[in-house]
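Breakdown of the fold
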Amino acid sequence: MDNIVILDCGSQFTQLIARRVRELKVHSEILPWDVSLERVKERSPRGIIISGGPMSVTDADAPSVPEGLFGLGIPVLGVCYGMQLITRMMGGHVTSGTAREYGRTGISAKGDSLLFREVPSSFEVWMSHGDHIESLAPGFRLAAETLKGVPAAMENPEKGIWGLQFHPEVVHTQFGTKILSNFLFSVCSCTPDWDLGDWIEKMTGEIREKVGDDRVICGLSGGVDSSVAAVLTARAVGDRLDCIFVNNGLLRLNEAEEVLEQYSKLSLKVHYVDASETFLNALSGVTDPERKRKIIGETFIRVFEKEAAKFEDAKWLLQGTLYPDVIESGHKGKNASVIKSHHNVGGLPDDMKLLVLEPLRDLFKDEVRATGRLLGVPGTIISRQPFPGPGLAVRCLGEITEPRLDTLRQADAIFREEIAEWEEYPSIWQAFAVLLPVKTVGVMGDSRTYSEVAVLRAVESHDGMTADWVRVPYEILDRTARRICNEVKGVNRVALDVTSKPPSTIEWE
Ligand code: XMP
């Protein structure tokens, strides 16, 4: 299988480059910019892409690439920062400031670069750079320039080095996919052989070989990752996979029943554990968001360990880890502050003395969904909106009690039912209700009421890192608010959350 290595210099678009390459049916992987040359060689790439990045190549501690990379005889494409880095490393000149270009820009191609094969001579691209190339490195030829006369693409075919000042991976760049495809197929002579059907066959064989006659256990959450991992593994080891589904008492209306019904159709062996009482007891009287998260994470581990111990002969723990979780980034983690301590079903203790099986660790989320479809996982699981590990606890602000959770469940179900009617619903990242521990005065019939407030939150997002609130039609909001106040005891006022992330977060706690 052909492989493209992407050296990550910290751009927010690095993963997007990797996904675009895979969409063109060529396998790609991301390595940090400070990886050793040996490690790059071990991966036997057909081509190397150096990503963009937030820094200036003129900064003292700016990312660089391994010494000797350009002498490997493997084609290299530098994107944005990558192109500037190549220029600087090979003796050209990059300057800061003056010709800043952000957003859409027109460019025109010069000459007949392989990268621009079957692409018009003028088109629009997406730029995002403060620095620009003042003079190309010796041996390089200008392949395109912007309307301001700034180099937009360069090449040195003799050395097999190419550069794009713009981002071919973003949708706003016209012919971006064609340009990447030209790099993969015309420059690197890749074969488009990355195919998820083949991958499923290969991975099924690998799991069989690894696990042998052992038994595997896994925690199911109802979400797409753990479900696809389980179905794939069951395909390989049959009934030697035991799945544990823990109801933490913080699930949505009828969720446990619905999830179990879905799983029963998938012929998975699922052991249902209703630990609601244990979780709610542990959370009793707790109002601090971080304490709630910690308690839920720890309680989950205790419950899971106890259940897992019932499968004495299990050797393996299956986890739904995805590629974005394993990518080593040169910058990841630096200066990162903990906003929320995340709890995932996958987040189990290190001392569980089980070997970890992570069959999806090479896939992006959209590939996991496509794999799930190929494996016959129902659409309701595949297109399920993300639901946080701590469940309704982070949406039921203040103290968590059974009656308050019931109130929230009903309000949330009404909102989701109403908004699901909207044709834009499939493009929504998450839509849910939040219950505030704030009482306000209302009037119903002729009587005064004094009840809590429900907030409606609907957001659009690509990865949960940033988000914007969805402009839900007034009619839907109106119907939802009326129904909640009429049908849900304990709520007499409905509000709408109109903040993006940042400055807010998607969940309220
Ligand atoms: P925030 O609230 O941080 O959420 O903007 C970003 C995305 O992550 C989900 N989320 C979680 N997912 N365990 C999870 O598996 C968690 O502890 C957790 N907390 C938040 C949230 O629903 C949103 O999609």
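Cut-offs used in this document
Residues numbered from 1 in each chain as written. Predicted model: local features only at pLDDT ≥ 70, side-chain atom pairs only at ≥ 80, totals over all residues. Heavy atoms only, no water. Helix = DSSP H or I, 4+ residues; strand = E, 2+ residues; numbered from the N terminus. Rg over C-alpha atoms; globule rule 2.2 N^0.38 Å. Buried < 20%, exposed > 50% of the residue type's maximum accessible area, 1.4 Å probe, protein only. Contact = heavy atoms within 4.5 Å. Areas by Shrake-Rupley, 256 points an atom, 1.4 Å probe, with all protein chains shown as cover. Lys, Arg positive; Asp, Glu negative; His and termini not counted. Charge placed at Lys NZ, Arg CZ, Asp CG, Glu CD. Domains from an automatic or database assignment. Buried area = accessible area lost by both parts, 1.4 Å probe. Axes fitted to C-alpha atoms, helices over the stretch in contact; angles between N-to-C directions. Left-handed = near helix turned anticlockwise from the far one by under 90°. 1 Å grid on protein atoms, 1.4 Å probe; cavity = no way out; pocket = protein on both sides within 12 Å on 5 of 7 lines; lining within 4 Å. Points joined across faces, edges and corners; volume = space filled by probe spheres on them. Nonpolar A, V, L, I, M, F, W, Y, C, P; charged D, E, K, R; others polar.

Digging into the overall build of the protein
Looking only at helices and strands, the protein features 14 helices and 20 strands. The C-alpha radius of gyration of the protein comes to 26 Å, within 12% of the 23 Å expected for a compact globule of 509 residues. Seen along its three principal axes, the alpha-carbon backbone of the protein occupies a region of about 80 × 60 × 40 Å. Within the span of the protein, comprising 509 residues, buried residues form 54% of the whole. Taking the intrachain contacts of the protein between residues at least 6 apart in sequence as the baseline, contacts between residues at least 24 apart amount to 77%. Summed over all atoms, the accessible surface of the protein reaches about 23100 Å², with 49% contributed by carbon and sulfur. Here the protein contributes 57 positively and 72 negatively charged side chains, and the mean placements of these two sets differ by 1 Å.

Things to note about the domain arrangement of the protein
A common way to express how large an interface is: the accessible area buried when the components associate. Each assigned domain of the protein is listed here: domain 1 (3-187), domain 2 (196-382) and domain 3 (401-496). The C-alpha centroid of domain 3 is placed 29 Å from the C-alpha centroid of domain 2. At the interface, six residues of domain 2 touch six residues of domain 3. Roughly 530 Å² of surface becomes buried between domain 2 and domain 3 when both sides are summed, with 61% attributable to carbon and sulfur atoms.

Concerning the packing of helix α8 (residues 276-283) against helix α9 (residues 289-308)
Between α8 and α9, the shortest axis-to-axis distance is 10 Å and the interhelical angle comes to 145°. Crossing of α8 over α9 shows right-handed handedness. The segment α8 lies against α9, with Thr278, Phe279, Ala282 and Leu283 engaging Lys292, Ile295, Ile296, Thr299, Phe300 and Val303.

Comments concerning the layout of surface pockets
Estimates place the volume of the second largest pocket at around 400 Å³. What lines the second largest pocket is a set of 18 residues, and nearest its centre among them are Glu29, Arg43, Tyr323, Arg361 and Asp362. Broken down by secondary-structure element, the contributors of at least two residues to the lining of the second largest pocket are β2 (27-32), α5 (196-211) and α10 (323-326). Looking at the lining of the second largest pocket residue by residue, the classes come out as eight nonpolar, two polar and eight charged.

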